[in-house]
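So you can see what is in the structure, the chains are spelled out below.
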Amino acid sequence: MTMSEQKITISNGQLNVPDHPVVPFIEGDGTGVDIWPAAKTVFDAAVEKAYNGAKKIAWKEVYAGEKAFNKTGDWLPQETLDAFNEYLVGIKGPLTTPVGGGIRSLNVALRQKLDLYACVRPVRWFQGTPSPVTEPGKTDMVIFRENTEDIYAGIEFQEGTDDAKQFASLLQSNFPDRFSKVRFPQTAGYGIKPVSEEGTGRIVKSAIDYAFQQKRDSVTLVHKGNIMKFTEGAFRDWGYEVAQKQFGATDYEGGPWQIAEKDGHKVIIKDVIADAFLQQILLRPAEYSVIATLNLNGDYVSDALAAIVGGIGIAPGANINYVTGNAIFEATHGTAPKYAGQDKVNPGSVILSGAMMFEYFGWQEVADLIYKGLESAIASKKVTYDFHRLMEGATLLKCSEFGDEIVRNM
Ligand SMILES: NC(=O)C1=CN([C@@H]2O[C@H](COP(=O)(O)OP(=O)(O)OC[C@H]3O[C@@H](n4cnc5c(N)ncnc54)[C@H](OP(=O)(O)O)[C@@H]3O)[C@@H](O)[C@H]2O)C=CC1
Ligand SMILES: O=C(O)CCC(=O)C(=O)O
Ligand SMILES: [Mg+2]
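Heads up: these notes are all about the structure in this document. All values derive from a computational prediction rather than experimental measurement.

Conventions and cut-offs
- Residues numbered from 1 in each chain as written.
- Chains lettered and ligands numbered in written order.
- Predicted model: local features only at pLDDT ≥ 70, side-chain atom pairs only at ≥ 80, totals over all residues.
- Heavy atoms only, no water.
- Helix = DSSP H or I, 4+ residues; strand = E, 2+ residues; numbered from the N terminus.
- Buried < 20%, exposed > 50% of the residue type's maximum accessible area, 1.4 Å probe, protein only.
- Pairing = 2+ DSSP bridges.
- Contact = heavy atoms within 4.5 Å.
- Axes fitted to C-alpha atoms, helices over the stretch in contact; angles between N-to-C directions.
- Expected span 1.5 Å × (residues − 1).
- Arc of directions from axis to C-beta.
- Near = heavy atom within 4 Å.
- Polar contact = N/O pair within 3.5 Å; in protein donor to acceptor, adjacent residues only side chain to side chain.
- Areas by Shrake-Rupley, 256 points an atom, 1.4 Å probe, with all protein chains shown as cover.
- Nonpolar A, V, L, I, M, F, W, Y, C, P; charged D, E, K, R; others polar.
- Core = buried A, V, L, I, M, F, W, Y, C linked by side-chain atoms within 4.5 Å.

### Brief notes about unusual backbone geometry
Logical step 1: The residue after Gly 255, namely Pro 256, is reached through a cis peptide bond having omega 0°.
Logical step 2: Inspection of the secondary structure assignment puts Pro 256 in the loop between β11 (250-251) and β12 (258-262).
Logical step 3: In this model, Lys 215 sits at a positive phi of 55°, which is unusual for a non-glycine residue.
Logical step 4: Note that Lys 215 resides in the loop between α7 (197-213) and β10 (218-223).
Logical step 5: On the basis of relative accessibility, which here comes to 55%, the residue Lys 215 falls in the exposed class.
Logical step 6: Positive phi, normally seen in glycine, also occurs at Glu 253, with a value near 45°.
Logical step 7: Checked against the element boundaries, Glu 253 lands in the loop between β11 and β12.

### Focus: the sheet that holds β10
Logical step 1: With mixed pairing, the 12 strands of this open sheet are ordered in space as β4-β3-β5-β16-β15-β6-β7-β14-β10-β13-β12-β11. Two strands bound the open sheet, and with one partner strand each, they are β4 (58-61) and β11.
Logical step 2: Relative to strand β13 (residues 265-273), β10 is paired through 6 bridges, and the arrangement is parallel. Paired with Val 219 across the two strands is Ile 269, which belongs to β13.
Logical step 3: Lying on the sheet, helix α8 (residues 229-247) is in contact with β10, β11, β12, β13 and β14 (290-293); it crosses β10 at an angle near 155°.
Logical step 4: Along the sheet, helix α10 (residues 295-308) contacts β6 (118-124), β7 (140-146), β10 and β14; its crossing angle with β7, the most-contacted strand, is approximately 155°.

### Quick word on α10
Residues lying three or four places apart along an α-helix face the same way, a consequence of the helix completing one turn every 3.6 residues.
Logical step 1: Between its terminal C-alpha atoms α10 stretches 20 Å, which fits the 20 Å expected from 14 residues at 1.5 Å a residue.
Logical step 2: Residues of α10 that are buried include every one of Asn 295, Asn 297, Gly 298, Val 301, Ser 302, Leu 305, Ala 306 and Ile 308, and no others. Along the axis of α10, the buried residues cluster in a sector spanning 150°; they form a single face.
Logical step 3: A positive phi of about 130° marks Gly 310, the residue just after α10.

### With respect to the site of ligand 2
Logical step 1: In the vicinity of ligand 2, the contacting residues are Thr 97, Ser 105, Asn 107, Arg 111, Arg 121, Arg 145, Asp 299 and Thr 332.
Logical step 2: The side chain of Thr 97 places a nitrogen or oxygen atom 2.5 Å from an oxygen atom of ligand 2.
Logical step 3: Arg 145 is positioned such that a nitrogen or oxygen atom in its side chain is 3.1 Å from an oxygen atom of ligand 2.
Logical step 4: If ligand 2 stood free it would expose 300 Å²; the protein chains cover 75% of that surface.
Logical step 5: Partitioning the shell around ligand 2 into residue classes produces no nonpolar, 4 polar and 4 charged.

### Brief notes about α7
Logical step 1: Between the first and last C-alpha of α7 there are 24 Å, a value that for 17 residues agrees with the 24 Å anticipated at 1.5 Å per step.
Logical step 2: Along α7, the positions that sit buried rather than exposed are Gly 199, Thr 200, Gly 201, Ile 203, Val 204, Ser 206, Ala 207, Ile 208, Tyr 210, Ala 211 and Phe 212.
Logical step 3: Where α7 begins, the side chain of Ser 196 points an oxygen toward the backbone nitrogen of Gly 199, at a separation of 2.8 Å.
Logical step 4: Among the residues trailing α7, Lys 215 stands out with phi positive, at a value near 55°.

### Section: the nonpolar core
Logical step 1: Within the largest apolar cluster, 83 residues are counted, with the highest numbers of intra-cluster contacts made by Phe 358 and Phe 361.
Logical step 2: A per-element tally of this core places helix α1 (residues 32-51) first, with 9 residues.
Logical step 3: When residues no more than four places from it in sequence are discounted, the contact partners of Phe 361 are Ile 8, Val 17, Val 23, Ile 57 and Val 89.
Logical step 4: Judged by nonpolar contacts, the second largest core, of 17 residues, contains Ile 26, Ala 64, Leu 81 and Leu 116.

Put into structure tokens, the structure is as follows:
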């Protein structure tokens, strides 16, 4: 770290961002090699344009995934976790998770190890973006996905192993009635879904805080509580309790919906069952604004909503702990391996994740330049393959060229 490069810190809940903050980044597997350089070009150009050299990011590469494994033999080196702790805020490209066996998700591990409990994914439509629905502008939601619990905790027992047998016999001897409901106990794999009052409380609080800060009119708790009563159902009940106890909410139209008011702004807290929600986001999206939901629902809902406003090529996100200030910004999509190294995919998701990071810093000017550049590039129909295949008369750009086009339009 040179003299002028400094660490981001937090005091009394307030982030202190110096003019030359050190920001750790993970390039990412697969298309990470394409989207990260394009995004970095946009970030540096936007900061330079906004502050004329008075502010500048000191990027610090840290390793995870294949690049880390090839260098160190470790998929997620302790050094990387230490850097995110030390410098507080970072950004990452996607990391591969094999299906069925092999390593568990490094993306999930980063969120859990750093306790980045809020996965925040805004979903809005940019003018001119191709969409499968007739009025994509009606979709304007921000997902608050619980990021540390649920089936994602990774407590699983593989079919046929001694562990699975031991777990099944533990269930059988302690909870015979419930065990008798397992249809094929000898050939089943088992998974555990922890959902706590604390975990629910902090994500729902973050969502309601956000709704008040951003003058949003509702927070919807999305759950499957009719079937999973003591996990997803409890999420709904604890969510309403948070609204009542922490925000002074009262029954709305006889309950269970709640209404809270602060400084003259009203927020309705409501709930919907997850399957019904997935049809309503297509039919009545304008009725939803801030969404608070569990980990797995949030994963599904993120990609479904992203598709409505143009696809996961422009779906940004952040993983945040609002208490420690720790945050890692990342795209909603994955490594898209079939396109890796082709300079082809849309770098928009990681670029917009960066814009969210600059907003988190309080560098709104930088974020605004990025939004302007991206919107103008799309409006002039100079786009990557994902938009190009859905747009009439568009010019096809490579990943890097789309980044350059954003810079030209800032
Ligand atoms: N946070 C993370 O790091 C995440 C990691 N993953 C991991 O990524 C790997 C691949 O997962 P997969 O299920 O294929 O999902 P991906 O999100 O990687 O890709 C699915 C499809 O989405 C489209 N897509 C993805 N990225 C872009 C982009 N930048 N621009 C335009 N379109 C894009 C492509 O659609 P099309 O084929 O139509 O062109 C692609 O085939 C897995 O190992 C998974 O675990 C997944 C999600 C998040
Ligand atoms: O970690 C992974 O590989 C997938 C995670 C994911 O799909 C997500 O966070 O949206
Ligand atoms: Mg996902």
